[in-house]
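As a plain string of letters, each chain reads:
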Amino acid sequence: MDPEKGFEQTIERDQRIEPRDWMPDRYRTTMVRQIAQHAHSEIIGMQPEGEWITRAPSLRRKAILLAKVQDEAGHGLYLYSAAETLGADRTDLTEKLIEGRQKYSSIFNYPTLSFADVGVIGWLVDGAAICNQVPLCRSSYGPYARAMIRICKEESFHQRQGYELLMTLMRGTDAQREMVQNAVDRWWWPSLMMFGPPDADSTHTAQSMAWKIKRHTNDELRQRFVDMTVPQAEALGVTLPDPDLRWNEERGHHDFGEIDWSELKRVISGDGPCNAERIATRRAAHEEGAWVRAAASAHAAKAKTREVA
Ligand code: ACO
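Residues numbered from 1 in each chain as written. Predicted model: local features only at pLDDT ≥ 70, side-chain atom pairs only at ≥ 80, totals over all residues. Heavy atoms only, no water.

### Considering the environment of Leu 264
Turning to its location among the elements, Leu 264 is positioned in helix α11 (residues 261–268). In the structure, Leu 264 is positioned 120 residues away from Tyr 144 in sequence and 26 Å away in space, judged by C-alpha atoms. If near-sequence neighbours (up to four positions away) are discounted, Leu 264 is found in contact with Ser 106, Met 193, Gly 196 and Pro 197. (Helix = DSSP H or I, 4+ residues; strand = E, 2+ residues; numbered from the N terminus. Contact = heavy atoms within 4.5 Å.)

### Some thoughts on a negative patch on the surface
A cluster of acidic residues, Asp 2, Glu 4, Glu 8 and Glu 12, forms a negative patch at the surface. Among the secondary structure elements, Glu 4 is positioned in helix α1 (residues 3–12). (Patch = residues over 30% accessible without salt bridge, like charges linked within 9 Å, V, L, I, M, F, W, Y side chains within 5 Å. Areas by Shrake-Rupley, 256 points an atom, 1.4 Å probe, with all protein chains shown as cover. Salt bridge = Lys/Arg side-chain N within 4 Å of Asp/Glu carboxyl O. Lys, Arg positive; Asp, Glu negative; His and termini not counted. Charge placed at Lys NZ, Arg CZ, Asp CG, Glu CD.)

### A few points about the confidence of the model for the protein
A low pLDDT score tells you not to read the predicted coordinates there in detail. Of all residues in the protein, 100% have pLDDT values of 70 or greater, and the mean over the chain is 97. Across the interface, the model reports ipTM at 0.98; the global pTM reads 0.96. (pLDDT = per-residue confidence, 0-100.)

### Thoughts on helix α12 (residues 275–288)
Taking 1.5 Å per residue as the helical rise, α12 with its 14 residues ought to reach 20 Å, and the 20 Å between its terminal C-alpha atoms agrees with that figure. Listed in full, the buried residues belonging to α12 are Asn 275, Arg 278, Ile 279, Arg 282 and His 286. Considered in projection along α12, the buried side chains sweep an arc of 90° and stay on one side of the axis. The outward face of α12, more than 90 degrees from its buried face, is lined by the exposed residues Ala 276, Glu 287 and Glu 288. (Expected span 1.5 Å × (residues − 1). Buried < 20%, exposed > 50% of the residue type's maximum accessible area, 1.4 Å probe, protein only. Arc of directions from axis to C-beta.)

Take a look at the structure:
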């Protein structure tokens, strides 16, 4: 069969494209772009919360946070492996990240000012990530879709730990409740921006939907997230910082206020509150880890020689 027809049929039948299957160059490029950005987000995403590991208020919270940040590293590694199945090179992807030639999620360019931010990241940021990533378990590229299943299970756990942390703080003192509200006020709008630009301005959505890489548009997922989060905020006892947020009976959804898209553009183009710091930290970790990579490669080469002998 004509390979292009085979590709189209696989997509049409809702089956998966596998690494050795023929695929259009643009499909490959799009998949590498999305998977690499996603992997970079997981790796850079270790930083904002990682900063609180040494300052966690109890041994229990420290152990939970440490495990969570390690999970994010694991997610990054599965995703780099998925990108490698498309012919991408991990070293090259890392170089592109630290040289600012590849993107990562805007959300990780905001500072974590208090321990409540750890809870709010779990609740809102990981909540948004789940909303966006559960449909990606049905993404048309097999290795990506399969990686997403495990990642989503772990993200759900992260989301619950964040919510549990916040419930604990909300049962505490007035100062603790204020700390939670302050964190919610700072993270709410950036969390909505995680879903990407509005559909009308999204470069890739139409093609990615046609190829079934994406199963829903940016705006559809953003709306789903708002609808899901409003009752959780009520249960928690916090106010979402949007005077226009209200239930719309006719639409069967919540209406919400205008997002400041100029802020998203600024943060994506490198001018967010912590962009420079995040990249500098990643670059330093990469450079300081060079001897570990060299030692691991030397060990692997030695082991291979031994196998042959
Ligand atoms: N932060 C940074 N860049 C973004 C963001 C964002 N929140 N949203 C969109 N962009 C970028 C896109 O990557 C694209 O840039 P490019 O053309 O240079 O590659 C551009 O803005 C236009 O956006 P879209 O056309 O809407 O891009 P796309 O169709 O890829 O949709 C989305 C963006 C929704 C983020 C999609 O790529 C996706 O679902 N990715 C997988 C999930 C993911 O990466 N999550 C990371 C954060 S979650 C976490 O790590 C906990």
